[in-house]
Amino acid sequence: MSAAVSPLEQMVVVLARDLADGELGAAGAAALVPMAAIALARELHAPNLTVGGEMFFNPEPGRLYPSMLDDRALGRCEAAETFIELFGHSHHGLDFFFHSGLQHDVYGNINLHHVGGTLHAPKMRGPGAANLSYCHTSTRFYICPTAHTARNFVEKVDFVTIPGHLSGPEAKRAAGLTNEGPRLVVTPRAVLDFDPTTLRMRLKSVHEGNTPEDVQRHTGFDLAISGDVPQTWPPTEEELRVLRQRIDTSGTLRA
Amino acid sequence: MSAAVSPLEQMVVVLARDLADGELGAAGAAALVPMAAIALARELHAPNLTVGGEMFFNPEPGRLYPSMLDDRALGRCEAAETFIELFGHSHHGLDFFFHSGLQHDVYGNINLHHVGGTLHAPKMRGPGAANLSYCHTSTRFYICPTAHTARNFVEKVDFVTIPGHLSGPEAKRAAGLTNEGPRLVVTPRAVLDFDPTTLRMRLKSVHEGNTPEDVQRHTGFDLAISGDVPQTWPPTEEELRVLRQRIDTSGTLRA
Amino acid sequence: MEGQTKPTRRSKVTSLQDAALLARGALEERPELCLGGLFKQSRPVALVRALLATGADGLHVYSSPGAGYDIDLMIASGAVEQVFIPGVTLENRLCPNFRRAVEAGQVTAHALDALTVVGGLMAAAHGVPFQPVDALRGSDVLKYNPLLREIDCPFSGRRIHAVGPIRPSVTFLHAQEADRWGNLRHLSTMVYADQLMARASDMVIASVDRIVPDEVVLDDPSRVTVPSHYVDAVVEVPYGAHPTASFPNYAMDEKHIDAYADLGDAARTGDRKGLDAYITRHVTGPKSQGDYIEAVGGARHFAWLEAEARNR
Amino acid sequence: MEGQTKPTRRSKVTSLQDAALLARGALEERPELCLGGLFKQSRPVALVRALLATGADGLHVYSSPGAGYDIDLMIASGAVEQVFIPGVTLENRLCPNFRRAVEAGQVTAHALDALTVVGGLMAAAHGVPFQPVDALRGSDVLKYNPLLREIDCPFSGRRIHAVGPIRPSVTFLHAQEADRWGNLRHLSTMVYADQLMARASDMVIASVDRIVPDEVVLDDPSRVTVPSHYVDAVVEVPYGAHPTASFPNYAMDEKHIDAYADLGDAARTGDRKGLDAYITRHVTGPKSQGDYIEAVGGARHFAWLEAEARNR
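Note that this is a predicted model, so its numbers are computed, not measured. (Residues numbered from 1 in each chain as written. Chains lettered and ligands numbered in written order. Predicted model: local features only at pLDDT ≥ 70, side-chain atom pairs only at ≥ 80, totals over all residues. Heavy atoms only, no water.)

J.: Help me understand the pairing of strand β12 (residues 182-186) of chain B, please; the structure alone is not making it clear to me.
T.: Strand residues, when the strand is regular, have side chains that alternate between the two faces of the sheet. Residue and element names in this part refer to chain B. Among the five residues in β12, four count as buried, and that is most of the element. Bridge analysis of strand β10 (residues 140-143) against β12 gives three bridges, and the strand direction is parallel. Its bridge partner lying in β12, F141 is registered against P182. Across two bridges, β12 lies against strand β13 (residues 190-194) in antiparallel orientation. Its bridge partner lying in β13, V185 is registered against L192. (Buried < 20%, exposed > 50% of the residue type's maximum accessible area, 1.4 Å probe, protein only. Helix = DSSP H or I, 4+ residues; strand = E, 2+ residues; numbered from the N terminus. Pairing = 2+ DSSP bridges.)

J.: What's the story with the pattern of salt bridges in this structure? I'm lost.
T.: Pairing of side chains with opposite charge becomes possible as their charged atoms draw close. One pass over the structure, following the stated rule, counts 81 salt bridges over all chains. Here A:R17 ties to A:E239 by a salt bridge, and the two come within 2.7 Å at their closest N and O atoms. A residue pair is termed long-range when its members are at least 10 positions apart, and A:R17 in helix α1 (residues 7-17) and A:E239 in helix α8 (residues 237-247) qualify at 222 residues. Taking the relative accessible area as the measure of exposure, A:R17 reaches 32% and is therefore partly exposed. For A:E239, a relative accessible area of 10% translates into the label buried. Salt bridges linked by common partners bring A:D70, A:R72, D:K40, D:E254 and D:E308 together as one network. (Salt bridge = Lys/Arg side-chain N within 4 Å of Asp/Glu carboxyl O.)

J.: Before we go on, may I ask you to explain the interface of chain C and chain B in this structure?
T.: Much of the literature gives interface size as the accessible area that the parts lose upon coming together. Across the boundary between the two partners, chain C contributes 54 residues, which contact 46 residues of chain B. Overall, the association of chain C and chain B removes approximately 4100 Å² of surface from exposure, summing both partners, and the carbon and sulfur fraction of that is 64%. By the criterion of area lost to chain B, the three top residues of chain C are C:R137, C:M190 and C:R312, representing 17% of everything that side buries. Our enumeration of links across chain C and chain B arrives at two salt bridges. Between B:R72 and C:E308 there is a salt bridge, with the nearest N and O atoms lying 2.5 Å from each other. Linking chain C with chain B are 17 residue pairs in polar contact (both at pLDDT 80 or more). For the side of chain C that touches chain B, the secondary structure elements donating two or more residues are β5 (87-88), α4 (96-103), β6 (108-109), α5 (114-126), β7 (131-133), α6 (141-144), α7 (194-200) and α12 (298-310) of chain C. In terms of residue count, α5(C) provides more of the side of chain C that touches chain B than any other element does, five residues in total. Of the residues belonging to the side of chain C that touches chain B, the class tally is 30 nonpolar, 14 polar and 10 charged. (Contact = heavy atoms within 4.5 Å. Buried area = accessible area lost by both parts, 1.4 Å probe. Polar contact = N/O pair within 3.5 Å; in protein donor to acceptor, adjacent residues only side chain to side chain. Nonpolar A, V, L, I, M, F, W, Y, C, P; charged D, E, K, R; others polar.)

J.: Would you explain the environment of C:E236 in this entry?
T.: All names here are of chain C. Positionally, E236 belongs in strand β13 (residues 233-236). You can call E236 partly exposed: its relative accessible area is 42%. Counting along the chain gives 166 residues from E236 to D70, while the straight-line C-alpha distance between them is 19 Å. When neighbours within four sequence positions are excluded, E236 is seen to be in contact with V208, D209, R210 and I211. Polar contacts involving the side chain of E236 include one to the main-chain amide nitrogen of I211, which spans 2.7 Å.

J.: Got a minute to help me understand the sheet that holds β7(C) in this structure?
T.: Hydrogen bonds between backbone groups are what pair the strands of a sheet, and the pairing can be parallel or antiparallel. Residue and element names in this part refer to chain C. Spatial ordering of the open sheet is given by β7-β9-β8, a layout of three strands whose pairing is antiparallel. Taken across any chain shown, the strands that pair with only one partner, and hence form the sheet edges, are β7 and β8 (148-152). The mean angle between the axes of side-by-side strands here comes to 45°, regardless of whether they run parallel or antiparallel. Note: β8 against strand β9 (residues 159-163), five bridges, orientation antiparallel. Bridging from a neighbouring strand, E150 pairs with H161 of β9. In this fold α5 packs onto β7, β8 and β9, with an angle of close to 155° to the strand it touches most, β7. (Axes fitted to C-alpha atoms, helices over the stretch in contact; angles between N-to-C directions.)

Rendered as structure tokens:
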């Protein structure tokens, strides 16, 4: 591959590796990176992975689209359902889902409603979110914002739109969140996961070209870095070839 | 018209005349006579009458079929829905519906479950019924069995599958049956309606070739006939022409 | 490149016999079987016969809102313990074996209605603990219906009904087409409650008139009535709905059903010979669907049913 | 034969202006408007513009699960009082007028989620007093959501949620085709929540790309997504969804929406001139859809959007 690996390509590859054959999952609202990850997993090791749970099954887009709510992206698919079926999927849950927001906090909670002020007198009003159920009816979810700054990674979100681990194991149990919740946070800079005891976010690996100190500087809470942080395993030749030649044919992930 | 009017044709015409333009209604399980009545009304005076509420809208069968659950009868229609929509129709109600059963009693209650014995130790087990809601969520319904004997018109049904007027105004109110319920009983022999005070069935008119005494003899309860009972208004030339040439093209109602 | 073989997507296409064994296994765990189609249309009869041939018994059978030939045949074969079907009829006549077995106390036929069964399937499909129902009044069915409960409506304050989830262990469906992944296409105008049952059931097995190439599905995804996600196995069975119809491909075989019902009525009044011979000839006897097709009249007979389906 | 004229079936086809006045009248009784489509696809934008041109205000607007350009334009035009839409976004950027008006306290934007709105529409469509919801936990939305209630589940004994019926006064939909009676055909792969909204609403008004002959509907009834029974008026409006898409006929006009959002962002930071000019030019100015089409780029521009819809 001639061109350098882009941060979004690195994100796609990390996420794709974590999806297993035979699973059922959907991309969520910010679909570009998740859809590429799902497509890559299906091409490489998970041909029985089903894209479903958002009213359409197994779309075959000719290229990547920023939104999956586009008939160009999903017009060619295996089935279309309606919101009545989405209601059922939301209750039955998926194996995996993807989320990102205006703010993400140390427990993986996500805010899409407001930054500053209150809900009905916000300093900055966000878009809100449609689906609040998959974060806990699904077995697990991934957080994958396409930016990683000290402003969107904060100690505590101003509003919990999508609950992650709330304020830790006890709060999560009290709220009836019985599934895994957020498993990985994959950003353009790094991969983060959650300490199994405290459920606080921690740095798992940094992408090529980033240092743990860079990531800490762009994160609004203490990552408690101790010891060596490995580098994120870069895309293999094959991952990159399949991604660029068969999925991201228009180079959207490198734009 | 050369051939004599058949009892079923007379039934169709009586029912068609009672359906108004702009109404929404469905034929029910024993669809032959009701579908013909609806079609006749649409041809003659009710072009805006909608056939709907049973998962299909405005079918255009080429001829009459004994069951409407036949794609030959409803394959050509304006829309098909599913049982999810039927669930909604059943709650929202129609303007009219049609019922008939194994037994009909003096209050217009209908039995489709068992004759003799008990539900779980029946002497004779009937088919049961699918839709129990239209009898009261719809504005009114018609009872139109294709036989009229002392065995299927009884003082009291063995099991109330489809409630008519129950045991009269008080029982009806107590059960929360707030709509009109059965309006007319149209049989091969006569037209019957209900005394507005007692809600007991009474003879309204007899079809050509029948006397009030005939009808009473074939009815298992006292019709309390007093005074002259008029003859049912026979089909007009136009009613018969349209019915035979455009609806019952295969002569099923005369078979 | 050894050991690097790319995994491939698994087909869900199987044989009638394997499908029946799959169902049998699940039904031994929990005997709740649901049948798609409606009365004489799109009933999964070949799957029912194959299941009967495995000797299945003690079944609790659901269908909505009505069934006829298939449930009657299952009862005639001794496979059924309880019936949860609002209407059981051949439409032009009663179901003879159903009637006989219920009157003899051999089978329990619950008094139900369509809203209860549909509501229960909706609750299961939606993944909620119950479905409110507010359209049932005055019927004696309400005194016996085992699935319905009265609740205080938290919104209206009134007494209303509710039904808990009906989650069949196995649902049999018949559709006209599927791809090899199990995406079903109903080409008949009516799809009955098939979509709802598929979304409510633990296991779904479908017979289809034919398996179509993947592109047929991808070129018109709106036509897919049951996505493969809900389907566990699909079997290509020519005339798999016979003697019921599979419109627009072939019509119901009313004469066959009537002749069967005559045998059932004879059995009801004491002479079971004809009925037993019927079961041997059509259910336990045929080694394959090809045998069955020959037994009920062969290619010429089906050509006639095909012509009849177009004759509307 | 005088006085004997056979009554004829009434067409539901009307003009954009008459449709807007019909909606306006109903919304003055009860200001609950629901919008079909989803984000940048199949939004009934021409109907929205026509309604805005009547000077409608004080509206409570529903859509599910998300909306963008149209709700933002309605807010920019001062027509909206409350927003009951889970997600409000242009997807690639925030909705500027929505954001400004909510931050300024001029519009109330309720915190909701899709299951609440879909559940409420389901309850209304089904005719039941509420819909159980059992998939919401841990979100702050649950503290504010005005439509959701906690109930004791009579089946599971657990605390679950329930939502009462959402019955919009008027729903605007955009479909690709309809017949003159108002039977709608969505030809896009996705039909969003349009079918549910139609079945839940008191009044439904649809714009379509074209009116088709009766036979088109009768020959393929399974394609009808919203039967005319639910539809009160239908308007043939070329490019009636612009600047959103009407697949497979034309794609979304992303550049138009972005340019609009730039004007909205300018208004948000103090300069409303461009936004006001936009509204005059596109909403209050055009006398007809023909004028609007010219104002946004004319036939050549739409030929490009048509080509883009095929370019996938």
